[in-house]
Amino acid sequence: MSTQPTQAQRSAQLNSRRKFLLDSARAGGAATLIALGLGLYSKNSVSLPASAIRPPGALDEEDFLGACVRCGLCVRDCPFDTLKLASFGDRVTTGTPYFTARDIPCEMCDDIPCVKACPTGALDHSLENIDDARMGLAVLIDEENCLNFQGLRCDVCYRICPVIDKAITLEMEHNVRSGKHAFFIPTVHSDHCTGCGKCERACVLEDTAIRVMPFELAKGELGHHYRWGWKEKNKAGESLVAPDVEHQYNLPKGQSYDLQGEGLIIDDDSSDVSPFGNNPLDTLNKNSLNTRGAEK
Amino acid sequence: MSRLQTRSRHPGTDARAEKGWLIANKWLIARRFSQLSILSVFLLGPWFGIWLVTGNLNSSLILKTVPLTDPYVLLQSLFAGHSPETAAITGAVIVLLFYVLVGGRVYCSWVCPVNMITDTAQWLREHFKITGASSLSRKTRYWILAATLILPLVTGGISWELVNPVSMMHRGLIFGMGLAWFIIFAVFLLDLLVSRRAWCSHLCPVGAFYGLLGTHSLIRIRADAREQCDDCMDCFMVCPEQQVIRPALKGYIKKNSTEVIGPVITSSNCTNCGRCIDVCTKDVFHFGLRLNNNLNNNLDNNFKNLNNKQPNHSSGAEVL
């Protein structure tokens with residue numbers, strides 16, 4: 001036998017090489033198809049529904065999806081059954097943990113068991129104080145239905161808030177409708193709100209007026225070149241634009257006006273000098289009485 | 001070869017007749033027991049409040065102390081740019097060491113819940129004599145494996161977990177299925193109608209990954225009694241990775257060498273399922289170690305010639 005390959009051997013070799021290339025191309029093609037489809041699906045699945053809230057300490061959504069191995073250990077260690085694991089077909093990425101505040105809110109455990117349970121750090125282990133958690137931001141989204149906005153004293157969202165008087169405060173405003181009452185407006189402060197959702201759960205309305213939203217939906221962002229004049233003034237100790245000129249009121253002698261809230265100030269000893277009474281209302285009432293008398 | 005062409009019986013019929021039902025199915029029964037036990041241990045918690053293990057196959061915690069993490073999903077996470085906490089790394093190392101030792105694809109045949117689905121599909125396929133259909137390359141899985149590792153680089157997320165039937169079925173059974181049955185059913189139909197063992201032996205990147213882990217695993221199936229083989233082909237018929245048997249059973253010669261290698265099934269794609277042991281009436285196969293894999297001493301010249309005549313790359317024989 002010679003060492004030269006025969007014709008048949010060579011063609012067999014060529015055929016097998018061709019078959020190998022063809023097989024590889026087909027396998028590679030199939031894998032590419034799958035990869036493209038999956039890649040597209042993967043891109044779309046980054047968007048989390050606004051009503052789904054990640055557990056405390058969760059990384060930013062894009063990082064989270066690269067870090068969470070979908071094991072559900074955080075769900076198991078949640079003592080209040082707050083956390084759910086998304087199943088295939090849910091709008092939340094399959095296998096990842098989330099909660100719906102209106103169903104069961106986060107109870108803000110001091111020891112944060114869900115974060116401790118996370119084996120990968122998709123829930124950031126550097127979160128040690130639950131008050132530092134930022135799961136989202138509560139937004140009083142429906143002023144038209146919120147009872148406090150109508151002048152009622154519901155206050156439930158304020159009372160239930162675990163960070164009461166910091167995350168939610170009641171801001172008193174004049175009730176123009178009645179003219180003699182106050183509105184107590186529940187106001188959320190982003191530097192303290194953890195996004196636990198207890199306010200959303202507690203809202204007494206048929207559907208809640210206050211909702212926890214993802215930060216990127218709930219917060220605007222100031223232009224980075226913006227400077228608030230009054231803060232800059234405080235910092236500098238004086239106006240940065242031009243020295244303030246004291247406003248001169250053209251008031252009768254013995255009267256002055258305070259801009260900081262006092263309003264019109266009338267010196268007592270000068271009252272007899274003035275053509276008007278001590279109380280400006282006297283003058284007004286006198287005029288209206290005169291008008292009514294004339295009509296009669 | 002003539003028996004293969006004329007046969008109409010199912011593989012395993014002879015073994016059942018000769019060894020009895022129990023012996024002829026013992027490894028299959030052991031595997032089902034293993035698969036169901038592992039699943040049950042996970043289900044004890046949510047169903048009965050007995051928390052021996054929490055989590056799922058992707059990552060779990062045994063008795064609140066020992067972490068276990070799927071090294072494949074952790075690798076994808078690394079490719080997505082995340083540096084995991086030590087618990088996940090420890091868990092992955094434990095799992096890695098175990099499978100490196102016992103054979104990576106032991107995961108496929110002894111742990112993975114999808115195996116029961118695809119085995120059922122294969123059983124029905126044989127029962128209803130569904131044959132042929134599309135031919136997939138067994139290497140497709142490596143391409144898909146590569147794709148699942150490249151995707152996290154591009155998307156920054158663990159993309160494969162969006163559709164992975166393996167974790168989806170296991171997680172689904174423990175935490176709630178949702179529509180995951182769709183994907184499981186798709187895998188079932190694929191194996192039943194599209195191609196023989198299409199999912200586990202051709203496409204699944206999880207199996208491909210674990211296969212690569214077990215390239216040098218210690219525990220292997222050996223065909224030490226290969227002289228007794230009567231070429232009934234039953235082992236070949238039941239094997240989910242048919243290409244792995246011949247080199248061990250018939251010996252093979254490494255490229256540029258005269259050494260004849262056997263009788264250990266060295267291919268990393270062998271799932272150590274032991275089905276070949278079950279169906280063999282001649283007790284050719286048994287579980288053993290990857291040692292003394294050189295037939296030169298006890299091989300007759302006839303066999304050497306036979307092996308030389310057949311080009312190594314034909315009929316799926318392994319070329320190393």
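Structure: see above.
Residues numbered from 1 in each chain as written. Chains lettered and ligands numbered in written order. Predicted model: local features only at pLDDT ≥ 70, side-chain atom pairs only at ≥ 80, totals over all residues. Heavy atoms only, no water.

> Help me out: how do you make sense of the overall build of chain A in this one?
In terms of regular secondary structure, chain A is built from nine helices and nine strands. For chain A, the C-alpha atoms occupy an extent of roughly 140 × 50 × 45 Å along the three principal directions. Each of the 296 residues in chain A was classed as buried or not, and the buried ones make up 36%. Relative to all contacts within chain A whose residues are 6 or more apart in sequence, the contacts with residues 24 or more apart total 55%. Approximately 19000 Å² of chain A is accessible, and the part contributed by carbon and sulfur atoms is 52%. In chain A, 31 positive and 41 negative side-chain charges are present, and the distance between their average locations comes to 11 Å. (Helix = DSSP H or I, 4+ residues; strand = E, 2+ residues; numbered from the N terminus. Buried < 20%, exposed > 50% of the residue type's maximum accessible area, 1.4 Å probe, protein only. Contact = heavy atoms within 4.5 Å. Areas by Shrake-Rupley, 256 points an atom, 1.4 Å probe, with all protein chains shown as cover. Lys, Arg positive; Asp, Glu negative; His and termini not counted. Charge placed at Lys NZ, Arg CZ, Asp CG, Glu CD.)

> Help me understand the overall build of chain B in this model?
What chain B contains, in helices and strands, is 16 helices and seven strands. Going through the 320 residues of chain B one by one, you find that 54% of them count as buried. Expressed as a percentage of contacts within chain B between residues at least 6 apart in sequence, the contacts between residues at least 24 apart total 76%. Per element, the accessible surface of chain B, about 14300 Å² overall, is 66% carbon and sulfur.

> Can you help me understand a nonpolar patch on the surface in this one?
The grouping of Y249(A), L251(A), Y257(A), L259(A) and L264(A) at the surface amounts to a nonpolar patch, some 460 Å² of accessible area in total. By relative accessible area, Y249(A) is classed as partly exposed at 35%. (Patch = residues over 30% accessible without salt bridge, like charges linked within 9 Å, V, L, I, M, F, W, Y side chains within 5 Å. Salt bridge = Lys/Arg side-chain N within 4 Å of Asp/Glu carboxyl O.)

> Sorry, what's going on with a negative patch on the surface here?
Judged by side-chain charge, D60(A), E62(A), D63(A) and E216(A) come together as a negatively charged surface patch. Note that D60(A) resides in the loop between β1 (52-53) and α2 (61-67).

> What's the story with the environment of W160(B) in this structure? I'm lost.
Along the polypeptide, W160(B) turns up in the loop between α8 (140-155) and α9 (165-175). Overall, the relative accessible area of 5% leaves W160(B) in the buried class. Once you skip the residues sitting within four places of it in the chain, W160(B) turns out to touch L38(A), Y72(B), Q76(B), T148(B), P165(B), W199(B), P205(B) and V206(B).

> Can you help me understand the nonpolar core in this one?
Nonpolar side chains in soluble globular proteins generally cluster together in the buried interior. With 92 residues, the main nonpolar core has I210(A), Y99(B), Y107(B), W199(B), V206(B) and Y210(B) as its most contacted residues. Element by element, the count of residues in this core is highest for helix α10 (residues 180-194) of chain B, at six residues. Aside from chain neighbours lying at most four places away, what touches W199(B) is V114(B), T118(B), W160(B), P165(B), V187(B), L190(B), D191(B) and C204(B). Within the second largest apolar cluster, 15 residues are counted, among which are L249(B), I265(B), C270(B) and C276(B). (Core = buried A, V, L, I, M, F, W, Y, C linked by side-chain atoms within 4.5 Å.)

> Explanation requested: the packing of α8(B) against helix α12 (residues 205-213) of chain B in the structure shown.
Pairs of packed helices are described in terms of their axes, by the angle between the two and the distance that separates them. Residues and elements named next belong to chain B. The N-to-C vectors of α8 and α12 enclose an angle of 95°; their axes lie 8 Å apart at closest approach. Looking at the two axes, α8 sits roughly perpendicular to α12. Along its contact with α8, which presents R141, Y142, I144, L145 and T148, the element α12 presents P205, A208, F209 and L212. For the contact of α8 with α12, a count of residues per class yields seven nonpolar, one polar and one charged. (Axes fitted to C-alpha atoms, helices over the stretch in contact; angles between N-to-C directions. Parallel < 35°, antiparallel > 145°, perpendicular 65-115°, else oblique. Nonpolar A, V, L, I, M, F, W, Y, C, P; charged D, E, K, R; others polar.)

> Explain the pattern of salt bridges here, please?
Two side chains bearing opposite charge may form a pair once their charged atoms approach each other closely. Residue and element names in this part refer to chain B. Applying the stated criterion across every chain yields a total of 18 salt bridges over all chains. Across the pair R105 and E241 runs a salt bridge whose closest N-O atoms are separated by 2.4 Å. Here the residue R105 occupies a position in the loop between α5 (86-102) and α6 (106-111), and E241 occupies one in the loop between α13 (234-238) and α14 (245-250), the gap between them amounting to 136 residues. Of the two residues, R105 and E241, both sit in the buried class. Taking the shortest distance from any N to any O, the salt bridge between R222 and D224 comes out at 2.7 Å. Since its relative accessible area comes to 9%, R222 is described here as buried. The class of D224 is partly exposed, set by a relative accessible area of 33%. Residues joined in a network through salt bridges with shared partners are R31, R32, D119 and R197.

> Just to check I follow, could you spell out the sheet that holds strand β1 (residues 53-56) of chain B for this structure?
Note on sheets: strands pair through backbone hydrogen bonds, and any given pair is parallel or antiparallel. All names here are of chain B. Strand order in this open sheet of three strands is β1-β2-β3, and the pairing throughout is antiparallel. Edge positions in the sheet fall to β1 and β3 (66-69), since each has one partner strand and no second. Each strand axis lies, on average, 10° off the axis of its neighbour in the sheet, ignoring direction. Bridging between strand β2 (residues 59-62) and β3 involves four bridges; their strand directions are antiparallel. Across the sheet, residue L61 finds its bridge partner in β3, namely P67. Against the sheet, helix α3 (residues 26-48) contacts β1 and β2, and its axis sits at roughly 105° relative to β1. (Pairing = 2+ DSSP bridges.)

> Could you clarify how one ought to interpret the side chain of R125(B) in this entry?
Residues and elements named next belong to chain B. You can see R125 is positioned in helix α7 (residues 114-127). Buried and without a salt bridge, R125 has D191 as its closest oppositely charged side chain, separated by 7.9 Å. A distance of 2.8 Å separates a polar side-chain atom of R125 from the backbone oxygen of L192. (Polar contact = N/O pair within 3.5 Å; in protein donor to acceptor, adjacent residues only side chain to side chain.)

> For this particular structure, what's the right way to read the sheet that holds strand β2 (residues 84-85) of chain A?
Residue and element names in this part refer to chain A. Taken together, three strands build an open sheet; the order of strands is β1-β3-β2 and the sheet is antiparallel. The outermost strands of the open sheet, each flanked by one partner alone, are β1 and β2. In terms of strand pairing, β1 meets strand β3 (residues 97-100) through two bridges, oriented antiparallel. The partner of I53 across the bridge, within β3, is F99.

> Can you help me understand the packing of helix α1 (residues 7-44) of chain A against α8(B) in this one?
Between α1(A) and α8(B), the shortest axis-to-axis distance is 9 Å and the interhelical angle comes to 30°. In terms of their interaxial angle, α1(A) and α8(B) are classed as roughly parallel. Crossing of α1(A) against α8(B): the hand is right-handed. Two secondary-structure elements touch here, α1(A) through S24(A), A27(A), G28(A), A30(A), A31(A), I34(A), A35(A), L38(A), G39(A) and S42(A) and α8(B) through T140(B), W143(B), I144(B), A147(B), L151(B) and T155(B). Each residue belonging to the contact of α1(A) with α8(B) can be placed in one class, and the counts come to ten nonpolar, six polar and no charged. (Left-handed = near helix turned anticlockwise from the far one by under 90°.)

> How should I be thinking about the environment of P240(B) in this particular structure?
All names here are of chain B. As for its position among the elements, P240 is in the loop between α13 and α14. Taking the C-alpha atoms as reference, P240 lies 23 Å from E227; in sequence the two are 13 residues apart. If we ignore the near neighbours within four places in the chain, the residues touching P240 are R138, R196, R197, S201, T271 and C273.

Keep in mind these numbers describe shape, not what the thing actually does.
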